[in-house]
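Understanding the architecture of this molecule
The residues making up each chain are set out below.
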Amino acid sequence: MSKPKTRYDYGRDFNARKYLEQYYKTDDDGKGLETNLSGFIFRKLNSLFEACPKGKGRLMDVGTGPSIAYLIPGSLKFHYIYSTDFTPGCRMELQMWCAGDSAAYDWIGYFKYAARLDQKEEEWEDYEERLRNSIIAILPCDLMCSDPLVPEKLTPVDVLTASFTFSVAADDYDDFENCLERMSEYLVVGGTLILTDWIDASYYMVDDEKFHVCKLTEEEYLKALKYAGYSEFEISKASDSNVSSNSALTDAQDVIIIKAVKKPPLPDGPEVPDSP
Ligand SMILES: C[S@@+](CC[C@H](N)C(=O)[O-])C[C@H]1O[C@@H](n2cnc3c(N)ncnc32)[C@H](O)[C@@H]1O
């Protein structure tokens, strides 16, 4: 069997529209989101963002791909959202949606669902407009570069999110640790990271193409996060809500969502262990 595709293949082989159809297809009123994995992630992000003050902060999503789904909960709290991705075809899908292009992917079910969660279903178009106004940039990003956003210069943001990106970009555990450290430079001290990723996956499918995923356990995610200077973990798993990934699309065992806070750097000297 051929080797799973890596980042060198994304530009040619990652079919952004197929990805959306396979992972984000839902009915027009978003009812399917009440029971599927994407809806689980959406509700979890919604509840994590509820604790954030409204309006002031800046959020950056790492490896947004072609999907605005998980930016919707963020736009309820953040007026400034930076979307980033490695693949030009993904950034183009996002640009089409932001520009209101009639050929853009239709997210109506997600907006109706978001509005319904707030008991404001008839106002769903306001949710759409709010997200369009919040996305202030769609930037190229390569987690393998020492500065993933180069040549862009951004001051650190208040919240970093990433779904199914770090495990996809990293070749192995050490790579994963490096990617986390690099992106963490873009988060303020005291800022929040919300990492959504597969547990124990080695691949995911897009159409007939198999893409590499770095196989990571829950313990390895937490180890890397601690190493990158995070604490105050809050963890949820899809399996706890009886939700799972589609086994035709990935060999993942579970999906984990970790909220973590960036600690101030330790002063020079011997490392002090976390208090129990
Ligand atoms: C599985 S998709 C996830 C997309 C989106 N975050 C989501 O939740 O649907 C993985 C994304 O990682 C991006 N990616 C792959 N290698 C990358 C790299 N080295 N740096 C940044 N993004 C990368 C791909 O372009 C793709 O959009």
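Residues numbered from 1 in each chain as written. Predicted model: local features only at pLDDT ≥ 70, side-chain atom pairs only at ≥ 80, totals over all residues. Heavy atoms only, no water.

Looking at an unreviewed UniProt entry, one finds the chain named Methyltransferase type 11 domain-containing protein, with Ramazzottius varieornatus as its source organism.

With respect to a negative patch on the surface
Test applied: Residues form patches when they are more than 30% accessible in relative terms and have no salt bridge. Like charges link within 9 Å. Nonpolar side chains (Val, Leu, Ile, Met, Phe, Trp, Tyr) link within 5 Å. Per-residue accessibility takes into account occlusion by the displayed protein chains alone, with areas from the Shrake-Rupley method and a 1.4 Å probe. One side-chain nitrogen of Lys or Arg within 4 Å of one carboxyl oxygen of Asp or Glu is enough to make a salt bridge. Asp and Glu count as negative and Lys and Arg as positive, but His and the ends of the chain are not part of the count. One atom stands in for each charge, and that atom is NZ of Lys, CZ of Arg, CG of Asp or CD of Glu. Relative accessibility thresholds used throughout: buried, under 20% of the residue-type maximum; exposed, over 50%; partly exposed, between the two (1.4 Å probe, protein chains only).
Judged by side-chain charge, Glu 122, Glu 123, Glu 125, Asp 126 and Glu 129 come together as a negatively charged surface patch. Classification of Asp 126 as partly exposed rests on a relative accessible area of 41%.

A short note on the packing of helix H9 (residues 173–184) against helix H10 (residues 218–227)
What counts, and what does not: Angular values range over 0 to 180 degrees, each being the angle between N-to-C directions of two axes fitted as lines to C-alpha atoms, with helices fitted over their stretch in contact. In this description a helix means any DSSP run of H or I spanning at least four residues, a strand means any run of E spanning at least two, and both kinds are numbered starting from the N terminus. We call two directions roughly parallel when the angle between them is under 35 degrees, roughly antiparallel when it is over 145, roughly perpendicular when it lies between 65 and 115, and oblique otherwise. Crossings are assigned a handedness: left-handed for a near helix turned anticlockwise from the far helix by less than a right angle, right-handed for a clockwise turn. In this analysis, two residues are considered to be in contact whenever any of their non-hydrogen atoms come within 4.5 Å of each other. Three categories are distinguished: nonpolar for Ala, Val, Leu, Ile, Met, Phe, Trp, Tyr, Cys and Pro, charged for Asp, Glu, Lys and Arg, and polar for the others, with Gly belonging to the last.
Contact geometry for H9 and H10: axes closest at 9 Å, N-to-C directions at 45°. Classed by the angle they form, the pair H9 and H10 counts as oblique. Every pair of crossing elements has a handedness; the one defined by H9 and H10 is right-handed. Residue-level contacts link Tyr 173, Phe 176, Glu 177, Leu 180 and Glu 181 of H9 to Glu 220, Tyr 221, Lys 223, Ala 224, Leu 225 and Tyr 227 of H10. Grouping the amino acids of the contact of H9 with H10 by side-chain chemistry returns seven nonpolar, no polar and four charged.

Things to note about the site of the ligand
Our working rule: Residues are counted as near a molecule or strand when any one of their heavy atoms sits within 4 Å of it. Polar contact criterion, stated in full: a pair of N or O atoms within 3.5 Å, where within protein one must be able to donate a hydrogen and the other to accept it, and residues adjacent in sequence count only if both atoms are side-chain atoms.
As a structural note, the neighbourhood of the ligand is formed by 21 residues, with Tyr 19, Tyr 24, Gly 63, Asp 85 and Thr 87 the closest of them. In this structure, an oxygen atom belonging to the ligand sits 2.7 Å away from a side-chain N or O atom of Ser 163. Protein contact buries 100% of the 600 Å² of open area that the ligand shows by itself. Looking at the shell around the ligand, the elements that each hand over two or more residues are helix H1 (7–13), helix H2 (16–24) and helix H8 (166–169). In the shell around the ligand, the residues fall into twelve nonpolar, six polar and three charged.

A look at the environment of Cys 141
Within the secondary structure, Cys 141 sits in the loop between strand S3 (135–140) and strand S4 (157–163). On the basis of relative accessible area, Cys 141 is assigned to the buried category, the value being 6%. With residues up to four places along the chain from it excluded, the contact list for Cys 141 reads Val 62, Thr 84, Asp 85, Phe 86, Pro 148 and Leu 149.

Here's the deal with empty space enclosed by the protein
Over the atoms, a rolled probe matching the size of one water molecule traces out where space is still vacant. So the rule is basically this: Here a cavity is any set of points on a 1 Å grid over the protein atoms alone where a 1.4 Å probe fits but cannot get out, and a pocket is any open set with protein on both sides within 12 Å along at least 5 of 7 lines; a residue lines the site when it has an atom within 4 Å of a point. Grid points are joined across faces, edges and corners, and a volume is the space filled by probe spheres set on the points.
Tallied over the entire structure, the rule returns two cavities of 30 Å³ or more. Reported here for the largest cavity is a volume of approximately 420 Å³. As for the largest cavity, its lining consists of 28 residues, and the residues nearest its centre are Gly 63, Asp 85, Phe 164, Thr 165 and Val 168. Mapped onto the lining of the largest cavity, the elements with two or more residues apiece are H1, H2, strand S1 (55–62) and H8.

Things to note about helix H6 (residues 108–117)
The α-helix advances 3.6 residues per turn, and as a result positions three or four apart in sequence lie on the same side. In terms of burial, H6 is largely enclosed, as nine of its ten residues are buried. Taken residue by residue, H6 has Ile 108, Gly 109, Tyr 110, Phe 111, Lys 112, Tyr 113, Ala 114, Ala 115 and Arg 116 as its buried positions. Residues of H6 that are buried make contact with H2, helix H3 (37–50), helix H4 (71–75), helix H5 (88–98) and helix H7 (124–134). Residue Gln 119 follows H6 closely and has a positive phi angle near 55°.

Focus on the pattern of salt bridges
Taken as a whole and judged by the stated rule, the model has ten salt bridges. Between Asp 142 and Arg 7 there is a salt bridge, with its nearest N and O atoms 3.0 Å apart. Placement of the pair is Asp 142 in the loop between S3 and S4 and Arg 7 in helix H1, with a sequence separation of 135 residues. Judged by its relative accessible area of 23%, Arg 7 falls in the partly exposed class. Via salt bridges that share partners, Lys 5, Asp 9, Arg 12, Asp 13 and Glu 209 belong to a single interconnected network.

Quick word on the layout of surface pockets
Each pocket or cavity is described by its volume, and for the second largest pocket that value is around 290 Å³. Gln 22, Tyr 23, Leu 37, Ser 38 and Asn 246 are, among the 18 residues lining the second largest pocket, the residues nearest its centre. Listing elements by their share of the lining of the second largest pocket, those giving two or more residues are H2 and H3. The leading source of residues in the lining of the second largest pocket is H2, at five residues. Of the residues in the lining of the second largest pocket, the class split is nine nonpolar, seven polar and two charged.

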